[in-house]
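A look at the structure
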Amino acid sequence: MENTQKHAETPQQLFEKGNQAIADNNRYQAATLFLDAAVKGHCEAQYKVGDCYYNGFGFTKNYEEAVKWYLAAAAQGSAKAQFMLSECHHWGRGAEESDEKAVEWLRKSAEQGYAVAQDMLGWYYDGGENGLEKNDIEAVKWYTLAANQGYAEAQYNLGVCYYNGQGVKKDPFKAFELFTLAEQQGHVFAQSGLGDCYFFGKGVPKKDYQKAVEWYTKAAEQGHSIAQYGLGTCYYSGKGVPKDKLVATKWFKKAAAQGSPQAKSMLKKLKKFIDKV
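This write-up is about the structure you can find in this document. (Residues numbered from 1 in each chain as written. Predicted model: local features only at pLDDT ≥ 70, side-chain atom pairs only at ≥ 80, totals over all residues. Heavy atoms only, no water.)

**Some words on the side chain of serine 260**
How we decide: Secondary structure elements are defined from DSSP: runs of H or I of at least 4 residues count as helices, runs of E of at least 2 residues count as strands, and each element is numbered from the N terminus. Here a polar contact is taken to be a pair of N or O atoms separated by no more than 3.5 Å, where protein atoms must pair a possible hydrogen donor with a possible acceptor and residues adjacent in sequence count only if both atoms sit in side chains.
Summarising the element assignment, serine 260 is placed in the loop between helix H14 (245-257) and helix H15 (261-269). Of note is the side chain of serine 260, whose polar atom sits 3.4 Å from the side chain of glutamine 262. A polar contact of 3.2 Å, which involves the side chain of serine 260, links it to the backbone nitrogen of alanine 263.

Given below as structure tokens:
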């Protein structure tokens, strides 16, 4: 007699179906499939269910449920889940707001090699945040670990450290190299950083105002206020582009709208152009 009984799907099969449902833009089905796999102990599915509840993807947003599933995945060693538990404690979302617990989970994730957590831990040391004392050397250490994995945010942050000589010997050429690596992944702050390198002649053979304008423009058009100010400065002074105070005012206004004090100062010198932009 033939065995016509259906075999139960494995947690991995359910997880893979969930990923396919995402590709098919079926959020609820994806979340449900991930939940089915998570209940059966699939670590990555548990993390995904946490994300579904955290972001309101397929399920109604519910931070408490998100934390429950992040804890389940973290107990199985998921570095991503550990990172998200850090975020939950940092913001008090579904868990006690606690700098100590946020750092504890973040460090666990970072020590497993999760680049996002390594960069964030570096950021905490960089700014002396979340109960950690400012420590530039530790910041560089964690930025480097994440940058070496190709994480653009860390490449940029480490580049800033080399540019300013913060926690490491000043090396503008290394900064330029790191900004370039981050820019290749579309990192807008790195694009602005390359503009600074060319404008001030740091990390490059000589000043090149035309290339500075090129990079400032790329970042400014994406809304980066420092690049908008830099581009305004180029038009104001005629460096790399023909002098044009009207265009300069346009970019200073955009930067000032985002709170740039330097741009606000420049607008005071360009009062007669403000109403024309």
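Now, onward.
**So, helix H8 (residues 136-147)**
The cut-off we apply is this: Multiplying 1.5 Å by the residue count of a helix minus one yields the expected span of that helix. Here the term buried applies to any residue with accessible area under 20% of the maximum for its type, exposed to any over 50%, and partly exposed to those in between, with areas from a 1.4 Å probe on protein chains only. We call two residues in contact whenever any of their non-hydrogen atoms come within 4.5 Å of each other.
Taking 1.5 Å of rise per residue, 12 residues should cover 16 Å, and H8 covers 16 Å from first to last C-alpha, within 8% of that figure. Among all positions of H8, only Ala139, Val140, Trp142, Tyr143, Ala146 and Ala147 are buried. On the buried face of H8, the contacting elements are helix H6 (99-111), helix H7 (115-127) and helix H9 (152-164).

**Digging into the packing of aromatic side chains**
For clarity, the threshold we go by: Only Phe, Tyr and Trp rings take part, Trp by its six-membered ring, and two of them pair if their centres are within 6.5 Å. Stacked means planes under 30 degrees apart, edge-to-face means over 60, and tilted covers everything else. Sitting over a ring, as applied to charges here, requires NZ of Lys or CZ of Arg to be within 6 Å of the ring centre and within 35 degrees of the ring normal.
According to the stated counting rule, one finds 15 aromatic pairs in the structure shown. Members of the aromatic cluster, connected to one another through ring pairs, are Tyr47, Tyr54, Tyr63 and Tyr70. Directly above the ring of tryptophan 251 sits lysine 254, whose terminal nitrogen or CZ lies 5.9 Å from the centroid.

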